[in-house]
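Working through the structure, step by step
The lines below spell out each chain.
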Amino acid sequence: MQHDPTRTSPLFFLCEKRRAMKPIVATPPQNFAETLPTEMSVKIFSELDAESLCSASRTCKQWHYIIEESDQLWRRQCLLVRAVCQREVDSDRSDGLSWKVTLVRNYTRSCVKRDWLRGRYSHVSSPEELRGRTMTLLDAETWGEILQAELDR
């Protein structure tokens, strides 16, 4: 019997079949969100501040989905912002904006307003001292609150 190089050997098929028959090993979960119920993952994410929550949502698709779809997480963060910007948050919510959109719209404003009210900028003597700082537009009522806080110091 002569060997035909164009013909595939039965031994080849046997080896290929054996390789394909390896048992499939389940890969262990990569993170807690894969093993826990969504409600538990939301509870864990609720311990994060707004900036950390945004960072976590960029970690993987599953975390992004859980965080983006949880109104509970955004509501909690938004209520923290509301402590400083109550008028603005209440206005956005009455306009029908979601908790997340309301938070995004008011987060920077609340940080700036909080810093002004705490006196962080009380001793600023020139615009150059504010260079590099994040600022945002504030309405007349907010400036009234800031000026009152300055007078009370």
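Every value quoted in this text rests on a predicted model; they were computed, and no experiment measured them.

What follows concerns the overall build of the protein chain. Of regular secondary structure, the protein chain possesses nine helices and zero strands. Counting all 153 residues of the protein chain, 25% fall into the buried class. Contacts in the protein chain between residues far apart in sequence, at least 24 positions, make up 57% of those at least 6 positions apart.

This part takes up the side chain of N31. If you trace the backbone, N31 turns up in the loop between α1 (10-20) and α2 (32-35). For N31, the side chain forms a polar contact with the main-chain nitrogen of A33, separated by 2.9 Å.

So, on to the layout of surface pockets. Counted as a void, the largest pocket has a volume near 160 Å³. Looking at the largest pocket, the residues that line it are D49, A50, E51, Q77, L80, V81, V84, L103, Y107, S110, C111 and R114. Mapped by element, the contributors of at least two residues to the lining of the largest pocket are α4 (50-57), α6 (71-82) and α8 (99-117). The element contributing the most residues to the lining of the largest pocket is α8, with five residues.

Ranked by internal contacts, the top residues of the largest apolar core, which has 16 residues, are F45, L53, I67, L73, W74 and L103. Elements that contribute at least two residues to this core include exactly α3 (38-45), α4, α5 (61-69), α6 and α8. In this view, W74 contacts L53, C54, I67, E68, W99, K100 and L103; residues no more than four positions away in its chain are not counted. Grouped together as the second largest cluster of nonpolar side chains are five residues, V112, W116, Y121 and L138 included.

Once that is clear, we can look at the packing of helix α7 (residues 86-94) against α8. One way to put it is that α7 packs onto α8 with a least axis distance of 10 Å and a crossing angle of 165 degrees. The pairing of α7 with α8 is recorded here as roughly antiparallel in orientation. Of the two possible hands of crossing, α7 and α8 adopt the one that is right-handed. Between α7 and α8, the residues in contact are E88, V89, D92 and R93 and W99, T102, R105, N106, R109 and K113, respectively. Here the contact of α7 with α8 is built from residues that sort into two nonpolar, two polar and six charged.

On to the packing of aromatic side chains. Remark: the centre distance and the inter-plane angle together describe each pair of aromatic rings, the angle taken between the planes. Overall, the coordinates contain five aromatic pairs when judged by the stated rule. Relative to W63, the ring of F32 has its centre 5.3 Å away and its plane inclined at 45 degrees; by these criteria the two rings are tilted. Note that F32 is positioned in helix α2 and W63 in helix α5, a separation of 31 residues in sequence. Residue class for F32 comes out partly exposed when judged on its relative accessible area of 25%. On the numbers, 4.8 Å between centres and 50 degrees between planes, the contact of W116 with Y121 is tilted.

For the rest of this paragraph, the subject is the confidence of the model for the protein chain. Averaged over all residues, the pLDDT of the protein chain equals 84, while 82% of them reach at least 70. Counted against residues more than four places away or in other chains, residues 10-18, with its pLDDT under 50, gives one contact.

Turning our eyes to something else, we now look at the pattern of salt bridges. A full pass over the atoms with the stated rule returns eleven salt bridges. A salt bridge links E88 to R87, with the shortest nitrogen-to-oxygen separation between them at 3.9 Å. Here R87 falls in the partly exposed class, since its relative accessible area comes to 28%. Where D115 meets R120, a salt bridge forms, and the shortest distance between an N and an O atom there is 3.0 Å. For R120, a relative accessible area of 46% gives the class partly exposed. What you see here is one network of salt bridges that share partners, running through R87, E88, K113, D139, E141 and E145.

What counts and what doesn't
- The residue count restarts for each chain, going from 1 along the sequence in the order it is written.
- With the structure being a predicted model, the display of local features is reserved for residues of pLDDT at least 70 and the display and counting of side-chain atom pairs for 80 or more, all residues being used for whole-chain, interface and lining totals.
- Each side-chain value is derived from all of the structure's non-hydrogen atoms; neither hydrogens nor water enter the calculation.
- The way it works is that DSSP assigns letters per residue, a run of H or I at least four long becomes a helix, a run of E at least two long becomes a strand, and they are numbered from the N terminus.
- Per-residue accessibility, obtained with a 1.4 Å probe over protein chains only, is compared with the maximum for each type, and a residue is labelled buried under 20%, exposed over 50%, and partly exposed between these values.
- When checking whether two residues touch, look at their non-hydrogen atoms; a contact exists if any pair is within 4.5 Å.
- Each polar contact in these results corresponds to two N or O atoms within 3.5 Å; when the atoms are within protein, one needs to be able to donate a hydrogen and the other to accept it, and residues that are neighboring in sequence are counted only if both atoms are side-chain atoms.
- Every definition here rests on a 1 Å grid over the protein atoms only: cavities are sets of points where a 1.4 Å probe fits but cannot get out, pockets are open sets enclosed by protein on both sides within 12 Å along at least five of seven lines, and lining residues have some atom within 4 Å of a point.
- Grid points are joined across faces, edges and corners, and a volume is the space filled by probe spheres set on the points.
- By nonpolar core is meant a set of buried Ala, Val, Leu, Ile, Met, Phe, Trp, Tyr and Cys residues that side-chain atoms within 4.5 Å join together.
- Every angle, taken between N-to-C directions, lies between 0 and 180 degrees, and every axis is a line fitted to C-alpha atoms, over only the stretch in contact when it is a helix.
- Reported orientations rely on four angle classes, namely roughly parallel under 35 degrees, roughly antiparallel over 145, roughly perpendicular from 65 to 115, and oblique for the rest.
- Left-handed describes a crossing whose near helix is turned anticlockwise from the far helix by less than a right angle; the clockwise case is right-handed.
- Gly falls in the polar group here, along with every residue not listed as nonpolar (Ala, Val, Leu, Ile, Met, Phe, Trp, Tyr, Cys, Pro) or charged (Asp, Glu, Lys, Arg).
- Each Phe, Tyr or Trp ring, with Trp reduced to its six-membered ring, pairs with another whose centre is within 6.5 Å; inter-plane angles below 30 degrees give stacked pairs, above 60 give edge-to-face pairs, and intermediate values give tilted ones.
- Every residue carries a pLDDT, the predictor's confidence in it, which falls somewhere between 0 and 100.
- The rule for a salt bridge is simple: a side-chain nitrogen of Lys or Arg has to be within 4 Å of a carboxyl oxygen of Asp or Glu.

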